[in-house]
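Examining the three-dimensional arrangement
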Amino acid sequence: AMGSLYQELFKDEDVVVRRREMIRKRTEECVQQSGAFPPGTQVVIFGSSANGFGSPKSDLDMCLQLPDGRNIDDEDMDGASAMGKLAEYFEASGGMIDVDTS
C-alpha cells in the first residue's frame, strides 16, 4: 500500500526535475542578459529540490552565485540596485509580472 502511494505521488518526478532545471536555466539566461550581475554569475538550486527531499509540489529555491573574486558592491551598482535592474528585466523580457524585490 505504501509503495503504491509513493509511486502515485512521485510518478512524474522526472518531469518535475526537468521542468525545474528548465526554469533554473531560463532564470540564469535572464540574469546573464540583464547586465545587472558580473559575467559568469550562475543560478543555483538549493533546498529540497537540490537534495531530493522535495515533492512535486515543493517550491523551487534558487540563489545567485557570483564568480570567484567578484562582488556587486562597488560605486556603479549595489545589491539592491542589481536586483531592481534584474526585476525590470524579468518584467520586460522574461514574461514575469509583479516581480517583488523586497
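Here is what the cut-offs are and how they apply
Residues numbered from 1 in each chain as written. Predicted model: local features only at pLDDT ≥ 70, side-chain atom pairs only at ≥ 80, totals over all residues. Heavy atoms only, no water. Helix = DSSP H or I, 4+ residues; strand = E, 2+ residues; numbered from the N terminus. Expected span 1.5 Å × (residues − 1). Buried < 20%, exposed > 50% of the residue type's maximum accessible area, 1.4 Å probe, protein only. Arc of directions from axis to C-beta. Contact = heavy atoms within 4.5 Å. Salt bridge = Lys/Arg side-chain N within 4 Å of Asp/Glu carboxyl O. Axes fitted to C-alpha atoms, helices over the stretch in contact; angles between N-to-C directions. Left-handed = near helix turned anticlockwise from the far one by under 90°. Core = buried A, V, L, I, M, F, W, Y, C linked by side-chain atoms within 4.5 Å.

Let's shift gears to helix α2 (residues 13-34). The end-to-end C-alpha separation of α2 is 31 Å, in line with the 32 Å expected for 22 residues at 1.5 Å each. Looking at α2, one finds that the buried residues are Val16, Arg20, Arg24, Thr27, Glu28, Cys30, Val31 and Ser34. One side of α2 holds all its buried residues, which, seen down the axis, span an arc of 160°. Exposed side chains of α2 directed beyond 90 degrees from the buried face belong to Asp14, Arg18 and Met22. On the buried face of α2, the contacting elements are β1 (42-46), α3 (48-51), β2 (61-65) and α4 (79-93). One or two positions beyond α2, positive phi appears at Gly35, with a value near 75°.

The next subject is the pattern of salt bridges. Across all of its chains, the model carries three salt bridges by this definition. In this structure, the salt-bridge partner of Glu21 is Arg24, at a minimum N-O distance of 2.8 Å. Of this pair, Glu21 and Arg24 both sit in helix α2, three residues apart, which is roughly one turn of that helix. The closest approach of N and O atoms between Glu29 and Arg26, which form a salt bridge, is 3.7 Å. Of this pair, Glu29 and Arg26 are both found in helix α2, three residues apart, which corresponds to roughly one turn of the helix.

Running from amino to carboxyl end, α2 crosses α4 at an angle of 115°, the nearest separation of the two axes being 9 Å. For the element pair α2 and α4, the recorded crossing hand is right-handed. For the pair α2 and α4, contact is made by Arg26, Thr27, Cys30, Val31, Gln33 and Ser34 and by Lys85, Leu86, Tyr89, Phe90 and Ser93, respectively.

Here the focus is the side chain of Arg20. Tracing the chain through its elements places Arg20 in helix α2. Arg20 has contacts with Ile45, Ser49, Ser55, Pro56, Lys57, Ser58, Asp59 and Leu60, leaving out every residue within four places of it along the chain.

Residues Cys30, Val31, Ala36, Phe37, Val43, Ile72, Met77, Ala82, Leu86, Tyr89 and Phe90 constitute the largest nonpolar core, which totals 11 residues. Of all the secondary-structure elements, those providing two or more residues to this core are α2 and α4. Per-element tally for this core: the top contributor is α4, with four residues. Beyond its immediate stretch of four places on either side in the chain, Val43 contacts Arg24, Thr27, Glu28, Val31, Met62, Cys63 and Leu64.

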